[in-house]
Amino acid sequence: MRILFLGDVVGRAGRDAVTTELPGLRARLRADLVVVNVENASHGFGVSPDMVRAFLAAGADALTLGNHSWDRKEIIGFIDGEPRLVRPLNYPPGTPGRGATVVEVPGGRKALVINAMGRLFMEPLDDPFRGVQGVLAQHSMGAGGTVQAVLIDMHAEATSEKMSMAHSFDGRASLVVGTHTHVPSADHRILENGTAYMTDAGMCGDYDSVIGMQKGAAALRFWKKVPGEKLAPAEGPASISGVFVETDDATGLALRVAPVRMGGQLAPAMPEF
């Protein structure tokens, strides 16, 4: 299975870049599964139902969220009816939506997409490790399993927590990828037991910014510890940033992994397989 994951979409610049480029990128990579983190798509904070529909129409198979899941209030009444929109599974019981979904991909195959949120330097939620373990206990991966691939989006601040998630489930997931910090890391690799990993996929947005936000107001917050100008997304040319993985259908484990970067200010990177 060929899996494309794109990091946090930030604001209009990121939305326009992804919805415009994704159809061609999907075809170019011959991707079977496309997952996009969209928790910052609406002016940097949350996502709206119309935006969800636009990402799905552009070619995304599943969309993940994070700590800004509920910033657009209308998503609360929408999320239960859209199984392809996945919020962190470790929100308390009774929270709208779901933390995992199974997506059908070409060839009669299925992929499990899981979204979890870290707790270090983040809002305190339930244990993401036991939450992921509970979901994985319901599935088997590989040719004879319930799914042929497993993707875990670990939305977290601390690199140590993301790495711990990957090592904890090495051999039980096709890809563990970090989101939230909006800066692509250079540590994409396949772990000892066959799980592909990248600490952060980066963002889809304008990198002439402070993690996607206009740099003047964002920087001023570090100079003056008083409320200042409201943060707004940078609106220059956007980079699309993510990771691409090819897996073995027999096992669900990764065969190859490479970063994806195109457009905007970042040096381009495109898988050669």
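Residues numbered from 1 in each chain as written. Predicted model: local features only at pLDDT ≥ 70, side-chain atom pairs only at ≥ 80, totals over all residues. Heavy atoms only, no water.

**Student:** Got a sec to walk through the side chain of Asp153? Specific residues and values, please.
**Tutor:** Following the sequence through the fold, Asp153 ends up in strand β8 (residues 149–155). Although Asp153 is buried, it makes no salt bridge; Lys162 carries the closest opposite charge, 7.8 Å away. Only 3.0 Å separates the side chain of Asp153 from the side chain of Asn37, close enough to count as a polar contact. Once residues within four sequence positions are removed from consideration, Asp153 is found in contact with Phe5, Asn37, Thr64, Leu65, Ile114, Asn115, Ala116, Val177 and Thr179. (Helix = DSSP H or I, 4+ residues; strand = E, 2+ residues; numbered from the N terminus. Buried < 20%, exposed > 50% of the residue type's maximum accessible area, 1.4 Å probe, protein only. Lys, Arg positive; Asp, Glu negative; His and termini not counted. Salt bridge = Lys/Arg side-chain N within 4 Å of Asp/Glu carboxyl O. Polar contact = N/O pair within 3.5 Å; in protein donor to acceptor, adjacent residues only side chain to side chain. Contact = heavy atoms within 4.5 Å.)

**Student:** Give a detailed account of the packing of helix α1 (residues 11–29) against helix α2 (residues 49–58), specifying residues and quantitative values.
**Tutor:** Contact pair α1 / α2: the axes reach a minimum separation of 8 Å and the direction vectors enclose 25°. When the axis of α1 is compared with that of α2, the two are roughly parallel. When α1 is examined against α2, the residues Arg15, Val18, Thr19, Leu22 and Pro23 are found in contact with a partner set consisting of Met51, Ala54, Phe55 and Ala58. For the contact of α1 with α2, the residue count by class is 7 nonpolar, 1 polar and 1 charged. (Axes fitted to C-alpha atoms, helices over the stretch in contact; angles between N-to-C directions. Parallel < 35°, antiparallel > 145°, perpendicular 65-115°, else oblique. Nonpolar A, V, L, I, M, F, W, Y, C, P; charged D, E, K, R; others polar.)

**Student:** Break down the pairing of strand β3 (residues 33–37) for me, with residues and values.
**Tutor:** A regular strand places its side chains on the two faces of the sheet in alternate fashion. Counting buried positions along β3 gives 5 out of 5 residues, so the element sits mostly inside the fold. The side-chain alternation of β3 yields two buried faces, one formed by Leu33, Val35 and Asn37 and the other by Val34 and Val36. Pairing between strand β1 (residues 2–6) and β3: 4 bridges, direction parallel. Across the sheet, residue Leu6 finds its bridge partner in β3, namely Val36. (Pairing = 2+ DSSP bridges.)

**Student:** So, the nonpolar core: which residues are in play, and what are the values?
**Tutor:** A general tendency of soluble globular proteins is for nonpolar side chains to be buried together. Core analysis: the largest hydrophobic core is formed by 40 residues, its most contacted members being Leu4, Val38, Leu63 and Leu85. Every element with two or more residues in this core is listed here: β1, α1, β3, α2, β13 (240–247) and β14 (254–262). Per element, the largest residue contribution to this core is 6 residues, and it comes from α1. Setting aside its immediate chain neighbours within four residues, Leu63 contacts Val36, Val38, Val52, Phe55, Leu56, Arg84, Leu85 and Val86. (Core = buried A, V, L, I, M, F, W, Y, C linked by side-chain atoms within 4.5 Å.)

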